[in-house]
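Listed below, chain by chain, are the residues.
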Amino acid sequence: MIFYDLLRPVVIALCACAVCCAQTTNIVDEKACIAAWFGENIQTQSLKLARYEQPVIEVKSNAVTVGWVFRTDQVPPVSKGKMGPIVLLAGFDTQERIRGIHVVRHEETPKYFKRVTASFFAQFLNAPITRDPASFDVVTKATFSSKAIIREVVMGAANLAKEPEIKEQLRK
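Residues numbered from 1 in each chain as written. Predicted model: local features only at pLDDT ≥ 70, side-chain atom pairs only at ≥ 80, totals over all residues. Heavy atoms only, no water.

## Focus: the side chain of His106
Alright, step 1. As for its placement among the helices and strands, His106 is situated in strand E5 (residues 98–106).
Alright, step 2. Note on His106: relative accessible area 3%, which makes it buried.
Alright, step 3. Of the polar contacts made by the side chain of His106, one reaches the backbone nitrogen of Glu108; its length is 3.1 Å. (Helix = DSSP H or I, 4+ residues; strand = E, 2+ residues; numbered from the N terminus. Buried < 20%, exposed > 50% of the residue type's maximum accessible area, 1.4 Å probe, protein only. Polar contact = N/O pair within 3.5 Å; in protein donor to acceptor, adjacent residues only side chain to side chain.)

Written as structure tokens, this is what we have:
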């Protein structure tokens, strides 16, 4: 178990960066990402929030909520990179910490977007969703893309955490 805990950041970072170096679209294996972020013995269900059209994914372990996963194109702020939208799958836990990020789709120039590597995504792991977006490092020559990712993940998670259905389950 200790070995798995040591490898978890590596697995999360790899899941986060699985697409960024190759294609502009990808079929996301949500379950694999969620398992990498929250562990193998989890259950998921859709959670419809009053203010959002699309549901978020509620993640449970032993019938207790441990976190939520959302698509950044379905939760404000929906940000654009330099060339267009960057759609991410992102998760955060009941401790209000980011558990993982996965690039679903983007319209950025591949030459520049490939600069957004695992080391960029690693700075998000266990970062509080209340962290100032300006305190994250951006990627040189992929500034628009990295700023959009930061905004979408941190501010999107913070917006969801304010929703009554989620707020009541956060552990302060």
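## Some details on unusual backbone geometry
Alright, step 1. The amide bond that connects Pro76 to the next residue, Pro77, takes the cis arrangement and shows omega of 5 degrees.
Alright, step 2. Take Pro77: it is sitting in the loop between strand E3 (64–71) and strand E4 (86–93).
Alright, step 3. The phi dihedral of Asn62 is positive, around 55 degrees, even though this residue is not glycine.
Alright, step 4. Within the secondary structure, Asn62 sits in the loop between strand E2 (56–61) and E3.
Alright, step 5. Assessed through its relative accessible area of 69%, Asn62 is described here as exposed.
Alright, step 6. Even without being glycine, Ala63 reaches a positive phi, approximately 65 degrees.
Alright, step 7. Tracing the backbone shows Ala63 in the loop between E2 and E3.

## Section: the packing of aromatic side chains
Alright, step 1. The final tally for this structure, using the stated rule, is five aromatic pairs.
Alright, step 2. Taking 5.3 Å as the distance between ring centres and 35 degrees as the angle between the ring planes, the aromatic pair formed by Trp68 and Phe92 counts as tilted. Taken together, the positions of Trp68 in strand E3 and Phe92 in strand E4 put the pair 24 residues apart, joining distant regions of the chain. An identical accessibility class is assigned to Trp68 and Phe92; each is buried.
Alright, step 3. Between Phe124 and Phe136, the ring centres sit 4.8 Å apart and the planes meet at 20 degrees, which makes this aromatic pair stacked. A residue pair is termed long-range when its members are at least 10 positions apart, and Phe124 in the loop between helix H4 (118–122) and helix H5 (143–161) and Phe136 in the loop between H4 and H5 qualify at 12 residues.
Alright, step 4. Owing to a relative accessible area of 4%, Phe136 belongs among the buried residues under this scheme.
Alright, step 5. Among the aromatic residues, those joined into a cluster by ring pairs are Phe120, Phe121, Phe124 and Phe136.
Alright, step 6. One residue, Arg131, lies across the ring of Phe136, its end atom 3.8 Å from the ring centre. (Phe/Tyr/Trp six-rings, centres within 6.5 Å; stacked < 30°, edge-to-face > 60°. Lys NZ or Arg CZ within 6 Å of the ring centre and 35° of its normal.)

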